[in-house]
Structure formats: C-alpha cells, structure tokens
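Topology and contacts: notes
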Amino acid sequence: MISISLIALAAAIAHEGNEISDVVVVTGTRVPVEAERLPARVDTLTRETIEIEGLTELASALARYPGVSTVQSGGIGAATSVFMRGANAKHTLVLFDGIRVNDASTPAGQFDAGQDTLGALDRVEIARGPLSALYGSDAIGGVINLIPRQGAETGFAPYLDLSAGSFNTLRLLAGASGTHGALEYGFSAEHQESDGFNVTPSRMVLAGNERDGGEITTFTATARYALGGGFSLSGVLRHRESSSAFDTFSGGPGFSQRADAQGLELFRNDQTLWRAGLGWARADGRLTSDVRLGEVRHDRESRDGGAVTDTYAGRRRFAEWLNVWQPQGLEALSPVIAFGLQTERDSITTDTAFENPLSRAETHAGGYVNVQARAGESLDLSGSVRVDDFEGFGTETTWSVGAVWSVLSSPAQLFARYGTAFKAPTLSERFASSAFTTPNPDLQPETATSWEIGTRASVAVSDERDLTVSLSYFDTEIENLIENVFDFTTFTGTNRNVGRADLSGVEFALSVDLTSTLQADVDYAYVEATNAVTGAPLLRRPRHAWSAGLVWRPVDQLSVSARYQRTGSRRDVTYDDGGFFVSGNAPVEGYDLVSLSGIWRINMSASAYVTVTNAFDTVYEQPAAFAGAPRMVMAGVRVSY
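Cut-offs used in this document
Residues numbered from 1 in each chain as written. Predicted model: local features only at pLDDT ≥ 70, side-chain atom pairs only at ≥ 80, totals over all residues. Heavy atoms only, no water. Helix = DSSP H or I, 4+ residues; strand = E, 2+ residues; numbered from the N terminus. Rg over C-alpha atoms; globule rule 2.2 N^0.38 Å. Buried < 20%, exposed > 50% of the residue type's maximum accessible area, 1.4 Å probe, protein only. Contact = heavy atoms within 4.5 Å. Salt bridge = Lys/Arg side-chain N within 4 Å of Asp/Glu carboxyl O. Pairing = 2+ DSSP bridges. Polar contact = N/O pair within 3.5 Å; in protein donor to acceptor, adjacent residues only side chain to side chain. Core = buried A, V, L, I, M, F, W, Y, C linked by side-chain atoms within 4.5 Å. Patch = residues over 30% accessible without salt bridge, like charges linked within 9 Å, V, L, I, M, F, W, Y side chains within 5 Å. Areas by Shrake-Rupley, 256 points an atom, 1.4 Å probe, with all protein chains shown as cover. Phe/Tyr/Trp six-rings, centres within 6.5 Å; stacked < 30°, edge-to-face > 60°. Lys NZ or Arg CZ within 6 Å of the ring centre and 35° of its normal. pLDDT = per-residue confidence, 0-100.

Some remarks on the overall build of the protein
The helix and strand tally for the protein stands at four helices and 34 strands. Against the compact-globule benchmark of 26 Å for 641 residues, the protein has a radius of gyration of 24 Å, which places it among compact chains. Considering only C-alpha atoms, the protein reaches an extent of 75 × 60 × 45 Å along its principal axes. Going through the 641 residues of the protein one by one, you find that 53% of them count as buried. Considering only residue pairs separated by 6 or more positions, the protein has 62% of its internal contacts joining residues 24 or more positions apart.

Take a look at the structure:
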C-alpha cells in the first residue's frame, strides 16, 4: 500500500468540517487539493442531484454515468454488477467512507450494487481508471466511494422523506445531522419495500404473473469529536438488511429453462460495518495522523420454498495508520506527502447446494506513500507507489504517475497518467471445491497496465452561466485473468490464470448553463472490451452509451428535470422465447430510457415531488433473459431544516 495519489490527494475532508471549493472528495488518505490539479476523471453525484432527479437506489444512480455499466437481474434488492471502463465486475472497488465493502464471501469478491439506497449519503464519488496504487486490490476499473451525511451549520438539522408509488412501493427516510460545539455527527434510518414486477420476460412461454419484490432497511451513524490539543475521536456505524425474490432456471425436464419460480428468494443479505479512530493534527495543519480500526461483516442466505439452500458469511477486520505531511520551505512546489500502514484479515464460511462447505481466512498487510507537487504555475505532477503483501501468495507492487498542464492564457488543460493495478484471487477462487471443481491454491493476482490522455476546460459564458467540457482516451491491458478451465477427461474444472483482456475507449462530458434557469449535461462513452485470447467481445459491455439531462428552474419554488439514457447494443448469454439457451455470446439490441422528476417547494423546509422512471414503459432486458423495470411513478413529501 504505497500510494502517491492522484485521487487521495483530492480527498477534502468535507465531512470533517473542511470546506474547499472546486475539490474532488474521495475518502482514502484525505488530502485536500483542487480538482483541476488531478490527472483523472472523477464524477461526483451530490445530494442536490440525488433529490432533483428523484434517485433512491445506488444501482440506478450509477447507471446514469456512461462507461459505468450496471446490470441488475430484477428490481429492488436484486443482484447487480458494475462494469467500469469495460473491466469485469470484480475489478471495481467500492468504499463506504473509505472502508472497503466488497464482499469477500462472493466467488469473485465483488460488490453487489443492488443492495444499497441513497438516503444516508451526502455524495457518491466515482473515480475511473486503475487506482491500485492508491487502494490496492480490486481497483482496476475504478473506485466508487459512498460518503455519508455528517455535520451541518446548526446543532440539529433533521430531515424526513416519505414516498409511495407503483408496485406498492413505499419509502421512508428519517435522520439528522449537525455540529454542536466540538461534536459533528449524522444519523439516519431508511426503509424501502416493493412488491416488484415479474423478472421473467413476458415473451417467454413460462412467464406467469408472479411479482419478484424486495425490501432494504439501512441504519447509519457517524460522528467526530474534537478532544482538544489537536486530538479527535471519530466513528462510523452502519447496518443494512435486504431481501428479494428472484426467478432462475426452473422449467423444463432438466430445470434449465427460464421460468417463473415460486418461493425462490435471497432471504437475507446483511451488511454490518463499524470503524473507530483517534486523530491528531498539528496546530499549523501541516501534519495529521489517524489510527483507525474496524470490521465489515456480510451474511447472506438463499431459500427455496422456505428451506435454506445456501449460506455465506464474510468477515473483514482492519487496522490502519494514515498520515499527511506538508513540508515547510518548499512553497514553490506545494508538496503534499501522505503515508501509512494498513492490515486486513478476511475470513469466509460458505455452505451451498452445489459445492463443498468452505471455511478459510487470510491476512494482508501493506504500506503506501503519496506525493503531489507543482512545477511552476502551470504544471502539476503526481505519482504513487504501493506494496501489498498477502499471506497466500506474496507481494504485489503497483505504481502510478500523472501530470496536468494548464495551458497559459487559456481555460484549457491537458492531462495524462500511466498506472498499474491488480486483483488478488479470492479465497473462493483458490479453495472452493465440489464434485466438478478442483481447488487451485496457487492462483496468482490478475494484473493490469493502463494509460490515459485527455483535455478539459471550464469557461464562464456570462456572469451567471458556465460551460465545462472534457474528453479523454484510455487503454488498459489485463493479464493473468482467472478463468475456469474444464477437463473433459476428469469432468472437473479448475481456476487458472489463463485469460487476457484488452480495454480501450473514449469518454466525453459536457455541462452548460443554457440560460440562468436551464442547465443541460451530455455524457458519452465508447468502450471496446475484448477477450485478448479469442478476440470475442466481452459480455454485457455496451460499446456506445449516452446520457443527457435537463434541469429547469422557472421559478424559485419549482424544479423540473428530465434524463435520457441510451444503452447501446452489446453481447450477452441469450435465450429464446421458450426460455431455452441460444448462445453464450450473441448480440443484444440496445434500449432507451427516459426519467422525469418535479419538485415543488412548499416553503423553506418542505417540498412535494413526483418522479417517473422509464416514462415510456420501454420493454428491455438487462441482462438478457431478465426483464428490466417497467414504468414506475412515485410521489412524496420531503422535509428538512
């Protein structure tokens, strides 16, 4: 873990009381720096945007960003994979306030974005590209950080949000945040439930009228208390419970036909995390140090007709010592150095219908160094190096360098970076076994190299109107991909490091104030993701994706938003109208979705709102053979002080 951050150095501690304009916030080493100094693309979904567009679930929020492809196999609580810049779902690292929350008990150790709602969050940061030089394993495609609400201008700022709508959907959010003397805090409780819709597409002959519903309940609390003398205590506590019904392959003589399946449910999908820390800051702010420890627990359970079929338990215990130093006497370079040590212990226990019971644990430790400096008035340089040592397979070193050149006498910037990344093999990938699976404890990490170049600019069109634009190209090569190799002599499969992937693409983003009351944004991503061994396109990665939005505020009391999303054609595993398998890599047509939202501010504290998702009731499948959500209308009341 040795990192010189292109993102960590951007981590302004907004929830720790610092307010810095034009700053990207990605919790990690928590070093404030202007966003324009970073050679990276980071999208920030703010609380304001969440409320204006009526977003309630993480999966739908991520889907609004082209190049961040989400694939959800149903409605609320359904399993959801995230593909960033064409990388596999397991190559996206997700953090909650800087805490790693990828589920170690899943086969590939990936994060399930279908289980989280947005009510407790102040913002979501999406950092694209390889960031293992900052965060270690998993961060090949990018990093997503969920930052909770904390602190306010007053001692007690409560909020309440109630809504109801289609499919008997109900949502309740209640919480408060504030700053009272030395204490800064935030807490919330959120519950969302829905009868859902039929996940088996209506085109299939065995599709019935069963609805596949779900529910999610989340409790979140954060706090920071200044002890005096530069010392402070901080803590985070979060507990989430979710469940969902689902359809699988329950028709036909071999139960291999897509069909409605009564009684199948992910009965339990719980996550509990906590973190406690002691911090110290020198009076002049040039040196800060934090010691923190915590735990993340995942517990999942599947049922069929009330009988338990699969159980999974994952535990991650961690401790870390993080430091940030701004040396004196080098003001011309404005250097910032972040360094620290971290250790984690992952343990899993699984018992499933088709695999032997598994119970394993492993320890991982490392250290990082981060440096950023300014060379003259127009050039910012950053670099990183990180070393991770794993009990099971040894040491992995990653590094990254980047530069931003501000073109003199113009609003334009040019940026470039190069970095390496890796994904450690999971305990399941190495040790899982069954009658048809042979374990391979000698698996090595998947590794990646990536480079990116781009340009961006921000222009003041008038005193009240701005335009920002960015364009970038990236290229990533991943080697030693873990794939299951089947031996038809022994009729067993074994995970091996035999795969390779080539990923490249173009990303474009534009936002502009068309008038003082009308804002627009356009976002486009072109992603070429191929299997470098066979040349075949990788599944579920659309080559073209668009997003365009309008926000209109004709009067102070009214806000109206509209968003158009285009998911282009892609390859997928396909099934015919009878529900039978057709192809393992066939083209699937693209689809278009439109969402609408309107907010009427009743007074300074209360507002009423209506949201419509999939406004034109588009029939689509994402993934193929799983029905996408039909049109949904929600109406609610929001109160905040």
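A few points about unusual backbone geometry
Leave glycine aside and you will find that most residues have negative phi; peptide bonds, for their part, are mostly trans. Look at the link from Q622 to P623: it is a cis peptide, with omega at 5°. As for its placement among the helices and strands, P623 is situated in the loop between β33 (606-613) and β34 (632-640). Its identity as a non-glycine residue notwithstanding, F491 has a phi of 55°, on the positive side. Within the secondary structure layout, F491 lies in the loop between β25 (466-487) and β26 (492-513).

Description of the pattern of salt bridges
Pairing between side chains of opposite charge can happen when the charged atoms of each approach one another. Considering all chains together, one arrives at 45 salt bridges under this definition. Residue R563 pairs with E53 through a salt bridge whose shortest N-O separation is 3.1 Å. On the criterion of sequence distance, the pair formed by R563 in strand β29 (residues 558-567) and E53 in the loop between α1 (47-52) and α2 (58-63) is long-range, its members being 510 residues apart. No difference in accessibility class separates R563 from E53, as the two residues are buried. A salt bridge links R315 to D299, with the nearest nitrogen and oxygen atoms 3.1 Å apart. Here D299 lies in strand β16 (residues 287-304) and R315 lies in strand β17 (residues 307-325), a separation of 16 residues in the sequence.

Quick look at the sheet that holds strand β7 (residues 142-148)
Strand pairing in a sheet relies on backbone hydrogen bonds, with the paired strands running either antiparallel or parallel. The strand order across the open sheet formed by five strands is β1-β6-β7-β4-β5, and the pairing between neighbours is mixed. In this open sheet, the two edge strands, each paired with only one partner strand, are β1 (42-46) and β5 (99-100). Pairing between strand β4 (residues 92-96) and β5: two bridges, direction antiparallel. Bridge pairing links F96 to I99 in β5.

Details of the side chain of E507
Mapped onto the secondary structure, E507 falls in strand β26. For E507, a relative accessible area of 1% gives the class buried. Looking at E507, its side chain comes within polar contact range of the side chain of R85, at 2.8 Å. Among all residues touching E507, those that are not within four sequence positions of it are R41, R85, R128, S470, L471, S472, F474, Y524 and A525.

Points about the nonpolar core
Core analysis: the largest hydrophobic core is formed by 26 residues, its most contacted members being L58, L62, L118, V124, I126, I144 and L146. Where this core is concerned, the elements lending two or more residues are α2, β3 (80-84), β4, β6 (121-128) and β7. Other than its neighbours up to four places away in sequence, I126 contacts R41, V42, D43, L62, Y65, V68, M84, V143 and I144. Among the nonpolar cores identified, the runner-up in size contains twelve residues, and A87, L503, A529 and L538 belong to it.

Considering the pairing of strand β9 (residues 169-180)
Direction of pairing for strand β8 (residues 157-165) relative to β9: antiparallel, over a ladder of nine bridges. Opposite L160, over in β9, you have A174 as the bridge partner. In textbook terms, the turn of a hairpin is the stretch between consecutive antiparallel strands, and for β8 and β9 this stretch comprises three residues, one of which, F167, has a positive phi near 60°. Strand direction decides the pairing type here: β9 and strand β10 (residues 183-197), joined by eleven bridges, are antiparallel. Its bridge partner lying in β10, G175 is registered against S188. Two successive antiparallel strands, β9 and β10, enclose a turn made up of two residues, where G181 displays a positive phi of approximately 65°.

Regarding a nonpolar patch on the surface
A cluster of nonpolar residues, Y225, L227, F231, L233 and L278, forms a patch on the protein surface that exposes about 460 Å² of accessible area. Taken together, the elements giving at least two residues each to the nonpolar patch come down to β11 (212-228) and β12 (231-245). Turning to its location among the elements, F231 is positioned in strand β12.

Description of the packing of aromatic side chains
Taken as a whole, this structure holds twelve aromatic pairs when the rule is applied. An angle of 55° between the planes, with centres 6.4 Å apart, marks the rings of F167 and F197 as tilted. Separated by 30 residues along the polypeptide, F167 in the loop between β8 and β9 and F197 in strand β10 bring together distant segments of the chain. Here F167 and F197 have matching classes, each one buried. Considering the side-chain rings of F390 and F422, the 6.0 Å spacing of their centres and the 80° angle between planes classify their relative orientation as edge-to-face. Of this pair, F390 sits in strand β20 (residues 379-390) while F422 sits in strand β22 (residues 412-423), and the two are 32 residues apart along the sequence. Exposure class is identical for F390 and F422. Each is buried. Taken together through their ring pairs, the aromatic side chains of F390, F393 and F422 make up a single cluster. Over the face of the ring belonging to Y65 we find R64, whose NZ or CZ atom lies 4.9 Å from the ring centre. Note that R149 overlies the ring of Y159, its terminal NZ or CZ placed 3.9 Å from the centroid.

Let's talk about the confidence of the model for the protein
Summarising the model, the protein shows a mean pLDDT of 91, and 94% of its residues fall at 70 or more. Predicted confidence is poor over residues 1-22, with pLDDT under 50, and the contacts of this stretch with residues over four places away or in other chains come to 112 contacts.

Let's talk about the side chain of D43
You can see D43 is positioned in strand β1. Of the polar contacts made by the side chain of D43, one reaches the side chain of R41; its length is 3.2 Å. Ignoring anything within four residues of it in the chain, the contact list for D43 reads Y65, V124, E125, I126 and R128.

Points about the environment of S410
Assignment of secondary structure puts S410 in the loop between β21 (394-406) and β22. For S410, a relative accessible area of 32% translates into the label partly exposed. Between the C-alpha atoms of S410 and S458, which are 48 residues apart in sequence, the distance is 9.7 Å. A polar contact is formed between the side chain of S410 and the backbone oxygen of V407, at a distance of 3.1 Å.

A short note on the pairing of β26
Of the strand pairs in this sheet, strand β23 (residues 437-438) and β26 are connected by two bridges, and their pairing is parallel. The residue bridging T438 from the neighbouring strand is T494, located in β26. By the bridge criterion, 19 bridges tie β25 to β26 in an arrangement that is antiparallel. In the sheet register, S472 faces β26, and the bridge partner there is E507. Between β25 and β26, which pair antiparallel and follow one another directly, the connecting turn spans four residues, one of which, F491, has a positive phi of 55°. By the bridge criterion, 13 bridges tie β26 to strand β27 (residues 518-531) in an arrangement that is antiparallel. Looking at β27, one finds that F508 is bridged to Y524. Hairpin connection from β26 to β27: four residues lie between these consecutive antiparallel strands.

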